[in-house]
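Here's the letter readout for the chains.
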Amino acid sequence: MIASCLCYLLLPAARLFRALSDAFFTCRKNALLAKSSSTQVEGDFAMAPRGPDQEECEGLLQQWREEGSSQVLSTSSEGPLVDKGLAQSSLALLMDNPGEQDAASEDKWSSRQLSDLRRAENLEEPFPEVLGEEPLPEVEGPMWAAVPMQTGPQYADCAVLPMGALAAEQWEEDPAVVAWSIAPEPMSQEEAPIWPFDGLGQLQPPPVEIPYHEILWREWEDFSTQPDAQGLEAGDGPQFQFTLMSYNILAQDLMQQSSELYLHCHPDILNWNYRFANLMQEFQHWDPDILCLQEVQEDHYWEQLEPSLRMMGFTCFYKRRTGCKTDGCAVCYKPTRFRLLCASPVEYFRPGLELLNRDNVGLVLLLQPLVPEGLGQVSVAPLCVANTHVLYNPRRGDVKLAQMAILLAEVDKVARLSDGSHCPIILCGDLNSVPDSPLYNFIRDGELQYHGMPAWKVSGQEDFSHQLYQRKLQAPLWPSSLGITDCCQYFTSCHPKRAERLKYSRDFLLRFRFCDIACQRPVGLVLMEGVTDTKPERPAGWPQSVLEEDTLEPEPVFPRTVGTIQHCLHLTSVYTHFLPQHGRPEVTTMPLGLGTTVDYIFFSAESCENGNRTDRRLYQDGTLKLLGRLSLLSEEILWAANGLPNPFCSSDHLCLLASFGMEVTAP
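Given the structure is predicted, the values throughout are model-derived calculations rather than measurements.

What is the right way to read the pairing of strand β12 (residues 383-389) from this model?
Note on strand geometry: in a regular strand, side chains alternate between the two faces of the sheet. Counting buried residues along β12, seven of its seven residues qualify, which places the element largely inside the surrounding structure. Alternating positions in β12 separate into two faces, Leu383, Val385, Asn387 and His389 on one and Cys384, Ala386 and Thr388 on the other, with burial throughout. Inspection of the sheet shows strand β11 (residues 361-369) paired to β12 by six bridges, in the antiparallel sense. Bridge pairing links Leu367 to Leu383 in β12. Of the strand pairs in this sheet, β12 and strand β13 (residues 425-430) are connected by six bridges, and their pairing is parallel. Note that in β13 the partner of His389 across the bridge is Asp430. Between the parallel pair β12 and β13, the chain is carried across by helix α12 (residues 397-415), and the sense of this crossover is right-handed.

What follows is the structure in structure tokens.
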């Protein structure tokens, strides 16, 4: 076609315009034929992406008629026969619409396209002959071949690839399997064909569909050989190594209740059976030792997830949200690596407290690592794992802080050792708060001054500063009846025990001997001589009634700070929330096309000096060391994959995966 265009450069200006117009529309039609839908080609082969519909073809025909059809037809007899044949060929191709032909014509064109594709694939001729057109000279470039279309919905976006790309890349049956294989090396620019004609634009071939696993490729970042703040490598000395995954898997009920958030997704990839298979394949590939899941639908858990995870070697614990909610949190671990010491489900709902009237939950497990017998008589400290899904409402930061305080108090109780210190802690989940928000800083820094802070500002999800009325946090944030101090610890007192001893002691019971109610004769009491015929006489100085204050348990009393909450768990984040190689922030979810981070893995680390900086604490490796993590993605990369969920990632969140090491000490 390009050679045909060049040959007309010697024609007069009017005939040159006419010839180029015909050549353009002929080339456009050939491109449309190459991109025709799969239903036009017989057999198991198809071309993708699909071509234009009937309306687009009619639009091209109308444009051709308006711009030059009259001029071409009026002067066609003056030009050479080749020019006339070219115009007729162009018109015939534009008029040829599969929707307007009868069944015989459709079969004819399907057979012709199929034979042309096969001849092009076998390199028998460079380009098919259509309606008497002259054969075009060969132009060096990549040959195009049809790729077999699969029946599964995950292959709906397969595209026609160059022969070179097909030879360089081996396709797997399942894209989820291909996704975690080694990424193919990009083709060097030297191998790309050179456009030999100066001053003429190159007609680009149809865009190549990049597989999802290449778009969403995530690197494993290894920190095992990097020295810490003290200059020691993380691999020094024996270690107990394990991996932990945190994943919001998107409950099917919640997805259906908020279907407007997933209009960009094909209905097939939102089907639970499709999503369940993808999720299980992801679990099998990464094979974590501890799995923390959020938004786990209860019926799916008991019927599918728990049996499948049990077959994979996991022991699972599940806590459904309170009230009428159908989803919850789950923590699964491998009994070959850990032994369960205790499990504590956490409910944030408190009857009668408006601050804590939501149904969110958490789950805290204390696990004992199992050291291989080959290491001899050694021991490893217990590991406390906490998993939660905090309230979403961006306006109620006060509720989120109170829920987090309850979880931290439970973690403090479970992880506290006999000497008052804490065992290594991992806290993960969907916290519905962005990095560097007050809630995030409270978990990381261990302190937050909240008095007078707008409630929406706690999580940083949205900006409501423009609103006239704003709920502001007041001190104290929660009442003393909750039994949690401002240091996020459960309050313990000896007063209830003293009252209990007083209630059942002999002296306490004797005080009721001559009280007013005991000195009154009951109605209907049978009169018995020597037994019920006398009235007890109260000794002088005996109180007539028992004081009410002695029968009530004292209200717990503990000091409250003014507008400040704290905790002493020394937690830091696995992720830095920024991608330096891309210059973009990390994202873990993408609601309505806006990427943000709300999922976290926090772990215990020892605080160290911060130099001249006082706005942020620094941490160094302690008993628990971070050995590696699975990188996150940027918003732009998720845009290229049509957001979340997609045929490759079956949740609206990305999974978080980290590897840790624990010190092994001699007894």
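Would you take a moment to explain the sheet that holds strand β5 (residues 220-222) for this structure?
Strand pairing in a sheet relies on backbone hydrogen bonds, with the paired strands running either antiparallel or parallel. If you walk across this open sheet you meet the seven strands as β5-β22-β23-β6-β7-β9-β8, and the pairing is mixed. Each end of this open sheet is capped by a strand with a single partner; those strands are β5 and β8 (315-320). Strand-to-strand, the axes of this sheet are offset by a mean angle of 20°, without reference to chain direction. Where β5 meets strand β22 (residues 624-630), three bridges bridge the pair, whose relative direction is antiparallel. Of the residues in β22, the one forming a bridge with Glu221 is Arg629.

For this particular structure, what's the right way to read the sheet that holds β13?
Taking strand neighbours across the sheet as the criterion, the six strands line up as β10-β11-β12-β13-β19-β16 in an open arrangement whose pairing is mixed. Edge positions in the open sheet fall to β10 (338-347) and β16 (571-573), since each of these has one partner strand only. On average, each strand axis in the sheet is tilted by 20° relative to the strand beside it, whichever way the strands run.

Whenever I open this one, unusual backbone geometry confuses me. Can you help?
What is expected of a backbone is that most residues other than glycine have negative phi and most peptide bonds are trans. The residue after Ala475, namely Pro476, is reached through a cis peptide bond having omega -5°. Relative to the elements of secondary structure, Pro476 occurs in the loop between β14 (447-449) and α14 (495-504). The step from Leu644 to Pro645 runs through a cis peptide bond, and the omega angle for that step is -5°. For Pro645, the position within the fold is in the loop between α17 (635-640) and β23 (656-663). The residue Asp436 is not glycine, and still its phi comes out positive at about 65°. Inspection of the secondary structure puts Asp436 in the loop between β13 and α13 (438-445). Positive phi, close to 65°, is recorded for Asn642, a residue that is not glycine. For Asn642, the location among the structural elements is in the loop between α17 and β23. Accessibility expressed as a relative area gives 41% for Asn642, which makes it partly exposed.

Looking at this structure, I do not really get the nonpolar core. What am I missing?
Soluble globular proteins tend to pack their nonpolar side chains together in the buried interior. Residues Phe242, Phe283, Ile290 and Phe660 are the most contacted members of the largest nonpolar core, which totals 65 residues. Counting residues in each nonpolar core, the second largest holds 46 residues, with Leu427, Tyr440, Tyr450 and Ile565 among its members.

What's the story with the confidence of the model for the chain in this structure? I'm lost.
If pLDDT is low for a region, its predicted coordinates should not be looked at in detail. The share of residues in the chain with pLDDT of 70 or more is 60%, and the mean pLDDT across the chain is 74. Counting contacts from residues 71-110, a segment whose pLDDT is below 50, to residues more than four positions away or on other chains yields 60 contacts. Low pLDDT, under 50, characterises residues 123-134; the predicted model gives this stretch 24 contacts beyond four residues in sequence or across chains.

What counts, and where the lines are drawn
- Residues numbered from 1 in each chain as written.
- Predicted model: local features only at pLDDT ≥ 70, side-chain atom pairs only at ≥ 80, totals over all residues.
- Heavy atoms only, no water.
- Buried < 20%, exposed > 50% of the residue type's maximum accessible area, 1.4 Å probe, protein only.
- Helix = DSSP H or I, 4+ residues; strand = E, 2+ residues; numbered from the N terminus.
- Pairing = 2+ DSSP bridges.
- Right-handed = clockwise from strand over helix to strand, strands pointing away.
- Axes fitted to C-alpha atoms, helices over the stretch in contact; angles between N-to-C directions.
- Core = buried A, V, L, I, M, F, W, Y, C linked by side-chain atoms within 4.5 Å.
- pLDDT = per-residue confidence, 0-100.
- Contact = heavy atoms within 4.5 Å.

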